[in-house]
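Inside the fold
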Amino acid sequence: MDEIIVLEQVNKFYGDEVVVQVLFDIDLSIKSGQFTAFIGPSGSGKSTLLNIIGLLEAPTSGKVSLDGQDISGLNKGEQASYRNEKIGFIFQFHYLLPEFTALENILIPHWIGKGKPPQEIVGRAMYLMERIGIEQYGGKYPHQLSGGQQQRVAIARSLINQPKIIFADEPTGNLDSKTSGMVMELLKEIVRENKTNLVMVTHDRDIAAGADRVIEIVDGRINCDFTAGRMGREKVRQELEHMACTFSSADDA
Amino acid sequence: MRFNTYEFMIAYRFLLNGRSQTVLIILGIAVGVAVQVFLISLMDGLQRNLIQRTIGSSPHITIAPPLSAPQPLGIGGGVIDDYQKPLKTEESEILSWQRYGEHLAGIKEITVAAPMVNGNGYIEKGRSSFPVIIKGITLPEADVIYKLKKNLVNGDLRPGGNNVLIGVASSEKSGLQTGDTFYLRNQKGTGDYFIIQGIFDLGASAANNMVVMSLDRARTFLDITGISAIEIQVHDVFAADGLAKELGENFGQVKAESWQERNKELLSGLRAQDTSSAMIQFFVLLSITLGIASVLAIIAIQKSRQLGILKAMGTNDKSAARIFIIQGFSMGFAGALVGILLGLGLTELFMFGTKSSGGPTYELKITLTNILLPAVLAAASASVAAFVPARRAAGLNPMEVIRNG
């Protein structure tokens, strides 16, 4: 499958009495095997776009296809199982379940979709933990872990069901820069290893510069769209430097 | 509704996580259930005790001739109609009582059916006369109903010929003792001498004004060809009403009256008691339901972040709702179990207390229904209460949580 994500004429409106349009006729297609970063100021609609692609929100109009399947017509229950099977989520605030240990947190997506995980899946969880260097924390509860460790658990959790796409919304948003860099490297490596696609919303210029493709959303429209392969990473970095105002306003949020 | 194992796992983790909350609500349910178990057992025991005292030593069903004038009996075609006459024979006494007896003997619910002869008379002593009820009985049937042997003050239970038993009230009024001979007059003015064989105390003043003799002697003494009534006791006193109706319909010419008909006031009193205890139970249940609903609503809010995550990861709305139903039911179930134990403890303690203090001893009735009914109701209302937060959980949009951190 060449194109993993295809959006056609996607519009999103909010509100009943005061109607606000958040996304305007978005057309977008993302190739398989890429790391795509969405950037843009707060309120630009980038998170809404990501949520629509991630089946967390429905577009008001337009068509969304993931992995060749039109997902616009799915009902809520079908969306939930689609999310469970095909999509892995990593959020800014880690969002581990505090009632469960790290290992249990990693296994929960499997548990939701297919019931009690067999030994094979537990083995996969152990492998993922080892791969991202948290194998000794499997029995610990989230509050016993540092932010970076928690985010690594979240990464392992997003991968347990071998999803087609990983959505990461500011995954390093509340990590210090050193930990942030480590987590990002790990994320990219493991995404590559697992042959999955990474779609990320970020405020971080350095992180965006590391993406294969950077899409800037401003006021609900695609403002800029660079592909690193074509332009070279340095050029992307330079372009991103010019968007400093965008980033600073985003950082204030 | 298909439950998934992870729903249970998450529900129990949520409950374990909010341990003090969970323990408090389980205790709340337990106290409610305990109160109900105790209350129902107490009421039940009290009622049974009261009924036992009222009708334990009296017939549950009395088959007697109708008091009103009998209706003409249709015996055939129009020609004979002119000759129809009131059926006098069954008017004031039961003639064909052996036939009824045979029929009654075949009914399983009946413990005993005893033929009786009743009449009024006077004990004559010197210039005074004391009104008494004359009762002719057969043994051992009558003893099953009246428990004469058990309630003999002195003498023994061998009525026959002119040997009779008299009630303790008659004995006190007339000053007659066991072994004395006295003159008994019937309503027609004739009389005979009788010998007192024993004195009984049945606890009720009407019963203690009786002169008890053998059925045959009473029939000749009162000049009755048949008998006055057939008195019946049954296994289940509450079934007496229905059985009486059935018998009345079967027999036609005689009427069958149950103790319920004769004790309407007692019954309406008991019913009022039932109503008030049902109301107490209702309000206890209501408070359990509200308590669980509010605690679960709080848990649903506390856990909305977790629910958002779970939903993002593929938990559907029904599943999210079930997580709360499971929590509600589990708390209800645990509370009911603890409540049963507490209630039984309370009941035992009460019985021990009343016994050791020498107070009125009536057995509290602990039946399976008395225990299970409040427990099942509590568990059910806990599950119902869980629907409120369950709906909230189902309606939660994962985005709200993820956006707002």
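Keep in mind the model is a prediction, meaning the values are calculated, not measured. (Residues numbered from 1 in each chain as written. Chains lettered and ligands numbered in written order. Predicted model: local features only at pLDDT ≥ 70, side-chain atom pairs only at ≥ 80, totals over all residues.)

Structural notes on the overall build of chain A
Stated precisely, the cut-off is as follows: Under the DSSP-based scheme used, a helix requires at least four consecutive residues in state H or I and a strand at least two consecutive residues in state E, with every element numbered from the N terminus. Put simply, a residue is buried when 20 or more other C-beta atoms lie within 10 Å of its own C-beta and exposed when 12 or fewer do; between those, it is partly exposed, and each C-beta is set from the backbone. Each residue is represented by a C-beta atom placed from its backbone, and any two residues with such atoms within 7 Å are regarded as in contact.
Looking only at helices and strands, one finds ten helices and ten strands in chain A. Looking at chain A as a whole, 50% of its 253 residues are labelled buried. Across chain A, contacts joining residues at least 24 apart in sequence account for 71% of those joining residues at least 6 apart.

Some words on the overall build of chain B
When helices and strands are tallied, chain B shows 15 helices and ten strands. With 405 residues in all, chain B has 40% of them scored as buried. A sequence separation of at least 24 residues applies to 81% of the contacts in chain B between residues at least 6 apart.

Points about the interface of chain A and chain B
Convention followed: Classes in brief: Ala, Val, Leu, Ile, Met, Phe, Trp, Tyr, Cys and Pro nonpolar; Asp, Glu, Lys and Arg charged; the others, Gly included, polar.
Counting residues at the interface gives 23 residues for chain A and 20 residues for chain B. In terms of residue class, the side of chain A that touches chain B is made up of twelve nonpolar, six polar and five charged.

Let's talk about the sheet that holds strand β1 (residues 3-14) of chain A
Residue and element names in this part refer to chain A. Applied cut-off: For two strands to be treated as a pair, DSSP must find no fewer than two bridges joining them.
Read across the sheet, four strands follow the order β2-β1-β4-β5 without closing on themselves; strand pairing throughout is antiparallel. Two strands lie at the open edges of the sheet, namely β2 (20-31) and β5 (69-70), each paired on one side alone. Pairing of β1 with strand β4 (residues 61-66) involves five bridges; the strand directions are antiparallel. Bridge pairing in β4 places V6 opposite S65.

Considerations on helix α4 (residues 119-131) of chain A
Residues and elements named next belong to chain A. Quick reminder of the rule: Helices are assigned an expected span. That span is 1.5 Å times one less than the residue count. Picture the helix axis, draw a direction to every C-beta atom, and the arc is the one those directions span.
Relative to the 18 Å expected for 13 residues at 1.5 Å per residue, α4 spans 18 Å between its end C-alpha atoms, a close match to the ideal helical length. Burial in α4 covers these residues: R124, A125, L128 and M129. Along the axis of α4, the buried positions cluster into a sector of 135 degrees, meaning they face one direction only. Turned more than 90 degrees away from the buried face of α4, the exposed residues are Q119, E120, G123 and Y127. Buried residues in α4 make contact with α3 (102-114) and α5 (147-159). A positive phi of about 75 degrees marks G133, the residue just after α4.

A short note on the packing of helix α2 (residues 19-55) of chain B against helix α13 (residues 368-385) of chain B
All names here are of chain B. Note the following rule: Whenever a helix is involved, its axis is fitted only over the stretch in contact; in every case the axis is a line through C-alpha atoms, and angles between N-to-C directions fall within 0 to 180 degrees. When describing relative orientation, an angle under 35 degrees is termed roughly parallel and one over 145 degrees roughly antiparallel, while 65 to 115 degrees is termed roughly perpendicular and anything else oblique. Crossing handedness: left-handed means the near helix sits turned counterclockwise from the far one by under a right angle, and right-handed means the same turn made clockwise.
Remark: α2 packs on α13, axes separated minimally by 9 Å, with the N-to-C direction vectors making an angle of 150 degrees. As far as their axial angle goes, α13 and α2 are roughly antiparallel. α2 and α13 meet at a crossing whose hand is right-handed. Of the residues in α13, those in contact with I29, G32, V33, Q36, V37, I40, S41 and D44 of α2 are N370, I371, P374, A375, A378 and A382. Its residues assigned to classes, the contact of α2 with α13 shows nine nonpolar, four polar and one charged.

Structural notes on the pairing of strand β8 (residues 210-214) of chain B
All names here are of chain B. Of all five residues that make up β8, five are buried, and the element is covered over most of its length. Here strand β3 (residues 128-137) pairs with β8 via five bridges, running parallel. Residue pairing in the sheet places I133 in a bridge with M210 of β8. Relative to β8, strand β5 (residues 163-167) runs antiparallel, the two being bridged by two bridges. Pairing of I166 across the sheet is with V211, part of β8.

Focus: the environment of I309 of chain B
Among the secondary structure elements, I309 of chain B is positioned in helix α11 (residues 304-312). When near neighbours in sequence (up to four residues on either side) are disregarded, I309 of chain B contacts Y95 and L97 of chain A.

Some points on the packing of helix α12 (residues 317-356) of chain B against α13 of chain B
Axis angle and axis distance: for two packed helices, these are the angle between their axes and the distance between the axes, and together they describe the pair. Residue and element names in this part refer to chain B. Two elements in contact, α12 and α13, have axes whose closest approach is 7 Å; the angle formed by their N-to-C orientations is 155 degrees. Judged by the angle between their axes, α12 and α13 are roughly antiparallel. Handedness of the crossing formed by α12 with α13: right-handed. Facing α12, whose interface residues are I325, G328, F329, M331, G332, F333, G335, A336, G339 and I340, α13 presents I371, A375, A378, A379, S381, A382, S383 and A385. A class-by-class count of the residues in the contact of α12 with α13 yields twelve nonpolar, six polar and no charged.

Comments concerning the sheet that holds strand β9 (residues 213-218) of chain A
All names here are of chain A. What the six strands build is an open sheet, ordered β6-β7-β8-β3-β9-β10; its pairing is mixed. Edge positions in the sheet fall to β6 (87-91) and β10 (221-227), since each of these pairs with one other strand and no more. Mean inter-strand twist for the sheet, computed between neighbouring axes without regard to direction, equals 15 degrees.

With respect to the nonpolar core
Condition: By definition, a nonpolar core groups buried Ala, Val, Leu, Ile, Met, Phe, Trp, Tyr and Cys residues that are joined through C-beta atoms within 7 Å.
Membership of the largest hydrophobic core comes to 124 residues, with the highest contact counts inside it found for A156 of chain A together with I29, A378, A382 and A393 of chain B. The element contributing the most residues to this core is α12 of chain B, with twelve residues. Discounting chain neighbours no more than four positions away, the residues touching A382 of chain B are I29, I288, I292, G328, F329, M331, G332 and G335 of chain B.

Things to note about the confidence of the model for chain B
Residue and element names in this part refer to chain B. To keep things clear, this is the line we draw: You can read pLDDT as the predictor saying how much it trusts each residue, on a scale of 0 to 100.
Scored by pLDDT, chain B comes out at a mean of 81, with 90% of its residues at no less than 70. Per-residue pLDDT stays below 50 along residues 68-90; that stretch engages in 18 contacts with residues further than four places along the chain or on separate chains. In the predicted assembly, ipTM is 0.84 and pTM is 0.70.

A word on the environment of A204 of chain B
Here A204 of chain B lies in the loop between β7 (191-200) and β8. For the pair A204 of chain B and R53 of chain B, spaced 151 residues apart in sequence, the C-alpha to C-alpha distance is 10.0 Å.

Concerning the confidence of the model for chain A
Taken as a whole, chain A shows an average pLDDT of 82; of its residues, 91% reach a score of 70 or greater. Model confidence for chain A, summarised as mean pLDDT per element, is weakest for helix α10 (residues 244-252) of chain A at 42 and strongest for α3 of chain A at 90.

Looking at unusual backbone geometry
The residue after L139 of chain B, namely P140 of chain B, is reached through a cis peptide bond having omega 5 degrees. Checked against the element boundaries, P140 of chain B lands in the loop between β3 and α5 (141-146). Positioned with a positive phi, L55 of chain A is a non-glycine residue whose angle comes to about 60 degrees. Among the secondary structure elements, L55 of chain A is positioned in the loop between α1 (46-53) and β4. Its 22 C-beta neighbours within 10 Å are what place L55 of chain A among the buried residues.

Describing the environment of Y14 of chain A
Residues and elements named next belong to chain A. Its location among the elements puts Y14 in strand β1. By C-beta crowding, Y14 is classed as partly exposed, having 13 other C-beta atoms within 10 Å. With 46 residues separating them in the primary sequence, Y14 and T60 have C-alpha atoms 8.7 Å apart.

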